[in-house]
Amino acid sequence: NKNRQKDFYVENNIPTSSHQRFVDLNDLRKSLEKDELEFPFVWKCAQFGYDGNGVKVCRSTLDLIDLPEVECIAEAMVPFKNELAVIVARSISGEVKTYPVVEMEFHPEANQVEYVICPARIDEKVAKKAIEIALKVSNVFNHVGLLAVEMFQTEDDEILVNEVAPRPHNSGHYSIEASYTSQFENHLRAILNLPLGNTNSKVAGIMVNLVGEEGFSGPVIYENIEKIMAIDGVTPHIYGKKETRPFRKMGHVTIVNKNMVEARKIAEEVKNTIKVIC
């Protein structure tokens with residue numbers, strides 16, 4: 001529940017954007033009428049949102065049309081440079097390790113991650129601050145397994161926690177090829193109380209999300225997959241979903257390279273080559 005999650009951050013002095021809770025959309029409208037809430041803000045449903053669903057930037061009353069009448073939250077808009085994430089692994093015995101800070105590039109329309117870049121192209125001081133905050137979040141949650149902490153790097157290089165995911169996460173898929181120990185292996189090690197594996201990266205890694213192309217709904221075809229498989233350091237992962245639809249997550253591709261600039265170029269080539277159609 002995102003409402004309880006945001007309150008939890010405030011109660012535990014974890015930096016996050018300001019927010020207001022509402023029992024439903026009608027409650028939110030009343031707050032606007034009383035000038036207790038102002039545009040713009042980010043509307044989020046309290047439960048069951050995923051992959052950009054259940055999130056909408058609201059700049060006027062027109063943006064409230066067709067939003068569901070559910071428990072929701074209005075978050076202040078945050079001017080930010082980057083969206084970052086840190087995955088924390090914590091075992092039953094309390095051993096803790098973090099993966100490097102990753103940088104996420106989002107699709108402007110679908111509000112989905114297009115690229116995950118590891119390591120993030122940020123200043124070392126900012127990376128250190130992000131890891132410290134992720135560890136604080138992990139400590140107060142006192143979880144076992146993985147916790148992905150998603151954050152904003154503001155224009156002033158402050159770090160604000162956006163959301164968490166207590167599981168293997170999209171921001172850690174690169175680790176299958178690029179890390180000494182993948183996030184999936186460390187999740188199992190943590191819940192079985194085995195020693196955690198090395199979370200460092202062997203090479204630069206970039207993940208490209210494979211999502212359904214706009215205008216296509218039906219039995220999936222991965223067009224040009226053989227072309228990207230011919231490129232060194234490129235590994236596709238197909239999730240086995242039989243039906244595609246616009247922006248549905250259907251898989252991902254990992255690009256590994258010793259040179260980050262080269263890895264990013266190849267990632268762009270992969271994104272422009274493979275198409276998820278029907």
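Colleague: Residues and numbers for the pattern of salt bridges, please.
Modeller: Two side chains carrying opposite charge are able to pair once their charged atoms lie near each other. Counted under the stated rule, the structure contains 15 salt bridges. Residue glutamate 75 is joined to lysine 44 by a salt bridge in which the shortest nitrogen-to-oxygen separation is 3.4 Å. Taken together, the residues span a long stretch of sequence, with glutamate 75 in strand β4 (residues 72-76) and lysine 44 in strand β2 (residues 41-45) at a distance of 31 residues. Exposure remark for glutamate 75: the relative accessible area of 5% places this residue in the buried category. A salt bridge links glutamate 105 to arginine 264, with the nearest nitrogen and oxygen atoms 2.9 Å apart. Residue glutamate 105 is located in strand β7 (residues 102-106), and its partner arginine 264 is located in helix α7 (residues 260-273); the two are separated by 159 residues in the primary sequence.

Colleague: Please set out the nonpolar core residue by residue, giving values where relevant.
Modeller: Considering soluble globular proteins, one finds that nonpolar side chains tend to be buried as a cluster. The biggest cluster of nonpolar side chains holds 22 residues, and the ones touching the most others in it are Ile206, Ile228, Val234, Val253, Ile255 and Val270. If you list the elements that add at least two residues to this core, you get β8 (113-118), β11 (204-211), α6 (225-229), β16 (249-257) and α7. Tallying contributions element by element places α7 first for this core, with five residues. For isoleucine 228, the residues in contact, after removing those within four places along its chain, are Val234, Pro236, Val253, Val270, Thr273 and Ile274. If you look at the next biggest cluster of nonpolar residues, it comprises 20 residues, including Ile122, Ile133, Ala134 and Leu147.

Colleague: I'd love a proper account of empty space enclosed by the protein, names of residues and values included.
Modeller: A complete count under the given rule lists two cavities of 30 Å³ or more for this structure. Taken as a whole, the largest cavity encloses approximately 40 Å³ of empty space. Considering the residues around the largest cavity, the lining is formed by Lys2, Gln5, Lys6, Tyr9, Lys44, Glu75, Asn162 and Glu163. Those elements giving two or more residues to the lining of the largest cavity turn out to be α1 (2-11) and β10 (159-165). In terms of residue count, the dominant contributor to the lining of the largest cavity is α1 (four residues). Of the residues assigned to the lining of the largest cavity, the class counts are one nonpolar, two polar and five charged. Around the second largest cavity, the lining residues are Ala85, Val86, Ile87, Tyr99, Pro100, Val102, Ser171, Gly172 and Tyr174. A class-by-class count of the residues in the lining of the second largest cavity yields seven nonpolar, two polar and no charged.

Colleague: Describe in detail helix α5 (residues 183-191), supporting the description with residues and values.
Modeller: Residues of α5 that are buried include every one of Gln183, Asn186 and Ala190, and no others. All buried residues of α5 project into a common sector of 60 degrees when viewed along the axis, lining one side. Of the surrounding elements, those touching the buried residues of α5 are β5 (80-90), β9 (145-154) and α4 (175-178). The positive-phi residue at the C-terminal boundary of α5 is asparagine 193, with phi of around 60 degrees.

Colleague: Quick rundown of the side chain of glutamate 150? Include the residues and the values.
Modeller: Within the secondary structure, glutamate 150 sits in strand β9. In this structure glutamate 150 is buried but unpaired, with arginine 167 as the nearest side chain of opposite charge at 6.4 Å. With residues up to four places along the chain from it excluded, the contact list for glutamate 150 reads Leu84, Ala85, Met104, Leu160, Val161, Asn162, Glu163 and His169.

About the thresholds
Residues numbered from 1 in each chain as written. Predicted model: local features only at pLDDT ≥ 70, side-chain atom pairs only at ≥ 80, totals over all residues. Heavy atoms only, no water. Salt bridge = Lys/Arg side-chain N within 4 Å of Asp/Glu carboxyl O. Helix = DSSP H or I, 4+ residues; strand = E, 2+ residues; numbered from the N terminus. Buried < 20%, exposed > 50% of the residue type's maximum accessible area, 1.4 Å probe, protein only. Core = buried A, V, L, I, M, F, W, Y, C linked by side-chain atoms within 4.5 Å. Contact = heavy atoms within 4.5 Å. 1 Å grid on protein atoms, 1.4 Å probe; cavity = no way out; pocket = protein on both sides within 12 Å on 5 of 7 lines; lining within 4 Å. Points joined across faces, edges and corners; volume = space filled by probe spheres on them. Nonpolar A, V, L, I, M, F, W, Y, C, P; charged D, E, K, R; others polar. Arc of directions from axis to C-beta. Lys, Arg positive; Asp, Glu negative; His and termini not counted.

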